[in-house]
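Spelled out from the first residue to the last, the chains are:
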Amino acid sequence: MTMSPDGWPLAEPYKTKMIEWIRLLEPTEREAALRRAGYNPFKLLAQEVYIDLLTDSGTSAMSQEQWGALMRGDESYAGSVSFQELERSVGDVLGFPLVLPTHQGRAAEHVLFRALAHPGDIVPNNLHFDTTKAHVLTAGATPLDIVIKEGEDPEGDYPFKGNLDLERLETLLRDQGDRVPVVMATVTSNNNGGQPVSLENLRAVSEIAHRYGKPFFLDAARFAENAYLIQQREAGQASRSVGDIAREMMSYADGCTMSAKKDPMVNIGGFVALRDEDLYRRLRDFGILYEGYATYGGLAGRDLAALAQGIREAVFEPHLSYRVAQVAQLHATLREDGIPVMSPAGGHGVYIDAGRMFDHLGRDVFPGWALSVELYRERGIRCVEIGTVLAGRDPGTGEHDYPPLDLVRLAIPRRVYSQAHLQQVAEAARRILLRRHDVPGYRFTYEPPTLRHFAAEFAPLG
Ligand code: F0G
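Because the structure is predicted, anything quoted here is derived from the model rather than measured. (Residues numbered from 1 in each chain as written. Predicted model: local features only at pLDDT ≥ 70, side-chain atom pairs only at ≥ 80, totals over all residues. Heavy atoms only, no water.)

Draft legend 1. Geometry of the site of the ligand. In the neighbourhood of the ligand, 16 residues make up the surrounding shell, with T55, R106, S259, K262 and R409 lying closest. At 2.6 Å from an oxygen atom of the ligand is found a side-chain nitrogen or oxygen belonging to R106. Residue R409 places a side-chain N or O atom 2.7 Å away from an oxygen atom belonging to the ligand. Compared with its free state, where it exposes 480 Å², the ligand has 92% of that area covered by protein. Ranked by residues supplied to the shell around the ligand, first place goes to helix α4 (residues 105-116) with three residues. Residues that form the shell around the ligand fall into these classes: one nonpolar, eight polar and seven charged. (Near = heavy atom within 4 Å. Polar contact = N/O pair within 3.5 Å; in protein donor to acceptor, adjacent residues only side chain to side chain. Areas by Shrake-Rupley, 256 points an atom, 1.4 Å probe, with all protein chains shown as cover. Helix = DSSP H or I, 4+ residues; strand = E, 2+ residues; numbered from the N terminus. Nonpolar A, V, L, I, M, F, W, Y, C, P; charged D, E, K, R; others polar.)

Draft legend 2. Expanded view of the pattern of salt bridges. The full count for this structure, using the stated rule, is 31 salt bridges. R312 is paired through a salt bridge with D92; the nearest N and O atoms lie 3.0 Å apart. Highlighted residues: R312 in helix α11 (residues 301-314) and D92 in helix α3 (residues 81-94), separated in sequence by 220 residues. A single salt-bridge network, built from bridges that share partners, covers D56, R222, E225, D263, R323 and R414. (Salt bridge = Lys/Arg side-chain N within 4 Å of Asp/Glu carboxyl O.)

Draft legend 3. Just the pairing of strand β3 (residues 122-125), in detail. The alternating pattern of β3 places I122 and P124 and V123 and N125 on opposite faces, both of which are buried. Traced from β3 through helix α5 (residues 130-138) to strand β4 (residues 142-145), the parallel crossover comes out right-handed. (Buried < 20%, exposed > 50% of the residue type's maximum accessible area, 1.4 Å probe, protein only. Right-handed = clockwise from strand over helix to strand, strands pointing away.)

Draft legend 4. Fine view of the nonpolar core. With 59 residues, the main nonpolar core has V90, L94, L202, F216, L218, F223 and F271 as its most contacted residues. Other than its neighbours up to four places away in sequence, L94 contacts S89, F223, M250, C256, M258 and F271. Core analysis: the next-biggest nonpolar cluster, separate from the first, contains 48 residues, L330, V341, I352 and A426 among them. (Core = buried A, V, L, I, M, F, W, Y, C linked by side-chain atoms within 4.5 Å. Contact = heavy atoms within 4.5 Å.)

Take a look at the structure:
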């Protein structure tokens, strides 16, 4: 049992005021739903799902303060009161004076890379999230992942597997600096398990980037979880507040892109925040073109108001300590039951190494996909494969572009599920492990040419 710091069993730091019913379909109904969905969890209907761990993005529960703010949203086209609240909130919590709202994180990336990246450029990042990578590529530039080597090892318990490799960064800037428009770091690093970047590493990256005259931006979707993990894991940080640590993280950066659907706990929203007035003007031109006027950026005034409140709540420590403990508890239970998980536990979810769990399945029959189907079949749980199906095909050879691991991500929405729900998830995984040799692989019956995981259909083998 996970304990609170005061030695009592862990409990939610909130009580429920409004509820949404969920139902576990009968096994025969789940089987029919899977068949209808072409064995693709993306094609399941929400009401067919019992526990939905597809993503922690836009799926969190808002607080009464956020719902209250929503009712006060100012819908003025320009200069709304809600935008001013957002500016104050970004200034207070993140320390950036300028903010350009966008409808979500990838729109912030779009605006940033339209302004900064050009054909032939190279953009270094610890690990680019998929949309960031796609925007760098769309600008004709090359995304370069430079996470430390510990970050590629699913097992070791290194505390900051999101850190950037400083030597590789320095070499890149020394040898090809003229091709680098911006240095990025993703906090936390989603692609290897929600792993944090240390303050020490952020400070060093900032120093190197600035020595070569390059702006340093954070992909800050999970900045508060990163700050909390710094408080818990980095030497000398235990007595500081998360808010203080978050501000220090941001102090090393020139700006950030934000998907506010994660740590700031809104259902839609994002922004670019920064310090430099000239760069802000350049971004604003693209923002107005793609997202709408500079003080609303694709969002309603009420969305801006809920976001302004959500940013403040993101660094609320009782929330973070419960949330991260909840993720760590699921991670620990799965590990004790012999299920191979990426370690240490990260901020927003648990990643199962399905390739190892289903070592009877070859990679060409998609063990990660098989586990995502099986979790639904066993207990109505929806999650996402981060493996061979997601990676797609190599455009040159037409073969599967095998990633290092076939993973399944169990992403935990914020303030939505209880410990009892997550025990259901752990129990489902345990039962699947016991009967793993009966779990089939899958073949495509329909394979879309791009982004195949969203719309593909499959049939079980054997
Ligand atoms: N950056 C990171 C680190 C992300 O995890 C995401 C989205 C984005 C940027 C893009 O933001 O969705 O608001 O446009 N991640 C979601 C996920 C989709 O499920 O991890 P967005």
